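Examining the three-dimensional arrangement
In case you want the letters, here they are:
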Number of protein chains: 2
Amino acid sequence: MSAAPDAAARPRIAILGGTGNVGRGLALRWGHAGYDVTIGSRSNEKAAQASAQLNSELGRNAVGHGGYREVAASAPIVVLTVPYAAQRSAVEEVADLLAGKILIDTTVPLMPPKVARVQLPSGGSAVAAVQEMLGSSVRVVSAFQNVPAHLLLDMAHDVDCDVLVCGDDVAARETVIQLIAAIGLRGIHAGPIANSAATEALTSVLISINSRYKVPGAGIRITGLSGADHA
Amino acid sequence: MSAAPDAAARPRIAILGGTGNVGRGLALRWGHAGYDVTIGSRSNEKAAQASAQLNSELGRNAVGHGGYREVAASAPIVVLTVPYAAQRSAVEEVADLLAGKILIDTTVPLMPPKVARVQLPSGGSAVAAVQEMLGSSVRVVSAFQNVPAHLLLDMAHDVDCDVLVCGDDVAARETVIQLIAAIGLRGIHAGPIANSAATEALTSVLISINSRYKVPGAGIRITGLSGADHA
């Protein structure tokens, strides 16, 4: 696992949907790791409340807030943590601001009420659809689909879950894996953006396991990597 | 993990495609666990050779052989371990012999040459397509998609990989989980047969990881189950 980069090398991170559990969990962990984060929301009130609470927990003014376009414009790394039903409209709203940037899309195409059943979206992957929509000028990377949100919010415990990282741009994937390492998780190169179909579908399997075994947060680990070159 | 059932309770297991790596690996491990196995092949010569070698390794006459229809007729549990391109024709050949039985389908819809890239089959899951083809009188259970075949063949080492088990018939899934436990692996209820789309797709992710990290057999473990009721 890599050490966190020094302060000068820490890019600002914008989180669209930053008032949800995944968004707040990531903001909290990146804030703890010394990153400056801006959370974006369609509700200014919610965003102000969430950032105030996060800054209080962090003991420093690490988390700013604003509207989607404002925060997306402010950072070279943009993270999408909105529900599936809001994914496309959120991306469309900021699309012209994303050229040359890395968009980390955490979307899982859950279709309530049957969230424990794999229901593949058109084309197989919700994140690959975003890469296709945005074109190759935006470096879309899929990550965090399988990490239980409440584990991200619980700073008292390590997160016992790997993060499968898919993307067509290997350097962008590597940058995201460094950002994941900075918050104490292991990111793993999981192939091109098309492979996000697997990690997205796996989330319904984990929800099914949670229900069957009455546990709060099943996750995954990749085995067989010991001794591997983790570059 | 459950103890193996006593001899009287051990059903015969037929393995179609039993001369391949997955088929031989499963035959070897079930043979070691006291089960009688029959491997089916389209080549009588290959089947005779494989069963002779397995029996020699097992030190008892545990593994018989025959054609697809002969072995499928002989056992209440039928396992399918043929390549994706041969899956449908193999099932069609024995379909009328499967009523009331459990069909454990290990198929992964790999489409060479891009086997490290998720390429979803029509409908999303190759195994769900077989359940649909056979109708509900056959209890189709998906399993073993993510276990590296060479680990099954290596009796000297434990297999560091869970087996995600999908199927619409919960009792059939449970029976398969017992058969998995008998060979020292942990099977996990992973939901309805539709969820096999996730485990099948995950295999391409694991192949991608093998390539990227230069390891022979990446696998998966489900985390967050400790203390759970593993029933």
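Figured I'd write up the structure that's included with this text. It should be emphasised that the depicted structure is a prediction, and the values quoted were computed from it without experimental measurement.

**Brief notes about the environment of T106 of chain A**
Residues and elements named next belong to chain A. Within the fold, T106 resides in the loop between β5 (102-105) and α5 (126-134). Since its relative accessible area comes to 8%, T106 is described here as buried. Sequence-wise, T106 and V141 are 35 residues apart; in three dimensions their C-alpha atoms are separated by 8.6 Å. For T106, the contacting residues outside a window of four places in its chain are V22, V79, L80, T81, A143, F144 and Q145. At 2.7 Å, the side chain of T106 forms a polar contact with the backbone oxygen of L80.

**Focus: the interface of chain B and chain A**
At the interface, 43 residues of chain B touch 43 residues of chain A. Where chain B abuts chain A, roughly 3300 Å² becomes buried across the two surfaces, and 63% of that area is made up of carbon and sulfur atoms. When the area that chain B buries against chain A is broken down by residue, the three leading residues are R212, Y213 and T223 of chain B, summing to 21%. Where chain B touches chain A, the interface holds 0 salt bridges. Counting residues per element, the ones that place at least two in the side of chain B that touches chain A are α7 (170-182), β8 (187-189), α8 (196-213) and β9 (219-223) of chain B. Looking at the side of chain B that touches chain A, the element that brings in the most residues is α8 of chain B, giving 11 residues. Across the side of chain B that touches chain A, the residue classes tally to 25 nonpolar, 12 polar and 6 charged. Of the strand pairs in this sheet, strand β9 (residues 219-223) of chain A and β9 of chain B are connected by 5 bridges, and their pairing is antiparallel. Its bridge partner lying in β9 of chain B, T223 of chain A is registered against G219 of chain B.

**Let's talk about helix α1 (residues 21-32) of chain B**
Residue and element names in this part refer to chain B. With 12 residues, α1 should cover 16 Å at 1.5 Å per step; its first-to-last C-alpha distance of 16 Å lies within 8% of that length. For α1, a buried count of 9 out of 12 residues is recorded, marking the element as mostly surrounded by other parts of the structure. By the burial criterion, the buried members of α1 are G23, R24, G25, L26, A27, L28, R29, W30 and G31. Looking at the packing, one finds that the buried side of α1 touches β1 (13-16), β2 (37-40), α2 (44-58), β4 (77-80), α6 (149-153) and α7.

**Let's talk about the environment of N195 of chain A**
The topology assignment puts N195 of chain A in the loop between β8 (187-189) and α8 (196-213). Separated by 29 residues in the primary sequence, N195 of chain A and C166 of chain A have C-alpha atoms spaced 6.3 Å apart.

**Section: the packing of helix α4 (residues 84-94) of chain B against helix α5 (residues 126-134) of chain B**
Residues and elements named next belong to chain B. With their axes 11 Å apart at the nearest point, α4 and α5 run at an angle of 15 degrees to one another. As summarised for this structure, α4 and α5 are arranged roughly parallel, according to the angle between their axes. The hand of the α4/α5 crossing is right-handed. Residues Y84, Q87, R88, V91 and E92 of α4 lie in contact with α5, whose contacting residues are A126, V127, A129, V130, M133 and L134. Looking at side-chain class alone, the contact of α4 with α5 contains 8 nonpolar, 1 polar and 2 charged residues.

**What about the side chain of T199 of chain B?**
Relative to the elements of secondary structure, T199 of chain B occurs in helix α8. Dropping the residues within four chain positions of it, T199 of chain B is found in contact with S142, Q145, N146, L164 and C166 of chain B.

**Regarding the sheet that holds β1 of chain B**
All names here are of chain B. Taking strand neighbours across the sheet as the criterion, the 8 strands line up as β3-β2-β1-β4-β5-β6-β7-β8 in an open arrangement whose pairing is mixed. The sheet is open, and its two edges are formed by β3 (63-66) and β8, each paired on a single side. Between one strand and the next, the sheet's axes are offset by a mean angle of 25 degrees, whatever the strand orientation. The pairing of strand β7 (residues 163-167) with β8 spans 3 bridges and is parallel. Note that in β8 the partner of L164 across the bridge is I188. Against the sheet, α1 contacts β1, β2 and β4, and its axis sits at roughly 165 degrees relative to β1. Of the strands in this sheet, β2 and β3 touch α2, which is tilted by about 180 degrees from β3.

Reading guide: rules and limits
- Residues numbered from 1 in each chain as written.
- Chains lettered and ligands numbered in written order.
- Predicted model: local features only at pLDDT ≥ 70, side-chain atom pairs only at ≥ 80, totals over all residues.
- Heavy atoms only, no water.
- Helix = DSSP H or I, 4+ residues; strand = E, 2+ residues; numbered from the N terminus.
- Buried < 20%, exposed > 50% of the residue type's maximum accessible area, 1.4 Å probe, protein only.
- Contact = heavy atoms within 4.5 Å.
- Polar contact = N/O pair within 3.5 Å; in protein donor to acceptor, adjacent residues only side chain to side chain.
- Buried area = accessible area lost by both parts, 1.4 Å probe.
- Salt bridge = Lys/Arg side-chain N within 4 Å of Asp/Glu carboxyl O.
- Nonpolar A, V, L, I, M, F, W, Y, C, P; charged D, E, K, R; others polar.
- Pairing = 2+ DSSP bridges.
- Expected span 1.5 Å × (residues − 1).
- Axes fitted to C-alpha atoms, helices over the stretch in contact; angles between N-to-C directions.
- Parallel < 35°, antiparallel > 145°, perpendicular 65-115°, else oblique.
- Left-handed = near helix turned anticlockwise from the far one by under 90°.

Keep in mind these numbers describe shape, not what the thing actually does.
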